[in-house]
Amino acid sequence: MPVRKLEDGGWLHPSRLPLGGGWYGHCSCPGHEGVEPSQKELTEYCNLGYARSCSRLPVDRSCDAVRFSIARDCAPQLLLCFVCEAAHQPAGHGVLEYDLSLGQWISSHPDSRIQMMAECYLQSYLPRRPQAAVTNLTSSTNYETKGRPDDAPPRRGFAVGDE
């Protein structure tokens, strides 16, 4: 469960990490709740998406990773897509909506872990957000979506049940 930014985790391109940057946190795996991962675990497992080498990762889990992307950034609302993956296959998806003018979620995820990851992704995205009044990230002129179907978000994720 991510709780605060990890500013210097040694990644070459931290903005490419699943949550848009590195995060410190604690484990939320059954039987290991609250355990703080080591620096090595944070760097090699928790912040990269799939964490199959982590000894605490539960065998029985609904998904292995959650990927986030901004589907639309049209002030004052952001649409945040998420895709849950199991064994590198889609296992669920949806859209969360955030109102920038109110500073609050209009729709949120029922799983508090995924919602926290969405909030961390948003916290990483906002400082990099284009300053233009309206940005539509699903347009064909955006470099992140060129060559992708309009409904395919850029891939980013975070291991569920790990950090």
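Everything numeric in this text was worked out from a predicted model, so none of it was measured. (Residues numbered from 1 in each chain as written. Predicted model: local features only at pLDDT ≥ 70, side-chain atom pairs only at ≥ 80, totals over all residues. Heavy atoms only, no water.)

**So, the packing of aromatic side chains**
In total, this model carries 2 aromatic pairs according to the counting rule given. Ring geometry for Phe-68 versus Tyr-121: centroids 5.9 Å apart, planes at 25°, classification stacked. Of this pair, Phe-68 sits in strand 3 (residues 65-74) while Tyr-121 sits in helix 2 (residues 112-125); the two residues are 53 residues apart in sequence, bridging distant segments of the chain. The pair Phe-68 / Tyr-121 is uniform in exposure class, with both members buried. Arranged with centres 5.1 Å apart and planes meeting at 70°, the rings of Tyr-98 and Trp-105 form a pair that is edge-to-face. Judged on exposure class, the residue Tyr-98 and its partner Trp-105 are both buried. If you follow Arg-4 out to its NZ or CZ, it ends over the ring of Tyr-24, 4.3 Å from the centre. (Phe/Tyr/Trp six-rings, centres within 6.5 Å; stacked < 30°, edge-to-face > 60°. Helix = DSSP H or I, 4+ residues; strand = E, 2+ residues; numbered from the N terminus. Buried < 20%, exposed > 50% of the residue type's maximum accessible area, 1.4 Å probe, protein only. Lys NZ or Arg CZ within 6 Å of the ring centre and 35° of its normal.)

**Observations concerning the pairing of strand 5 (residues 89-99)**
The side chains of a regular strand alternate, first on one face of the sheet and then on the other. Two strands pair when backbone bridges link them, and strand 4 (residues 77-86) and strand 5 are joined in this way by 10 bridges, in the antiparallel orientation. Within strand 5, the residue paired with Glu-85 across the bridge is Pro-90. Between strand 5 and strand 6 (residues 104-107), which follow one another and run antiparallel, lie 4 residues, and Gly-103 among them has a positive phi close to 65°. (Pairing = 2+ DSSP bridges.)

**Regarding the confidence of the model for the protein chain**
The predicted model of the protein chain averages 81 in pLDDT, with 80% of residues at 70 or higher. Of all the helices and strands in the protein chain, strand 7 (residues 134-135) carries the lowest mean pLDDT, 40, while strand 6 carries the highest, 96. Here residues 132-163 scores under 50 on pLDDT; set against residues more than four positions off or in separate chains, the count is 99 contacts. (pLDDT = per-residue confidence, 0-100. Contact = heavy atoms within 4.5 Å.)

**A word on unusual backbone geometry**
Look at the link from Ala-75 to Pro-76: it is a cis peptide, with omega at 10°. Within the secondary structure, Pro-76 sits in the loop between strand 3 and strand 4. Its identity as a non-glycine residue notwithstanding, Ala-87 has a phi of 50°, on the positive side. Turning to its location among the elements, Ala-87 is positioned in the loop between strand 4 and strand 5.

**Details of the side chain of Asp-99**
Within the secondary structure, Asp-99 sits in strand 5. No salt bridge forms around the buried Asp-99; measuring N to O, its nearest opposite-charge neighbour Arg-129 is 9.8 Å away. Here Leu-102 takes part through its backbone nitrogen, which lies 2.8 Å from a polar atom of the side chain of Asp-99. If sequence neighbours within four positions are ignored, Asp-99 has contacts with Pro-76, Gln-77, Gln-104 and Ile-106. (Lys, Arg positive; Asp, Glu negative; His and termini not counted. Salt bridge = Lys/Arg side-chain N within 4 Å of Asp/Glu carboxyl O. Polar contact = N/O pair within 3.5 Å; in protein donor to acceptor, adjacent residues only side chain to side chain.)

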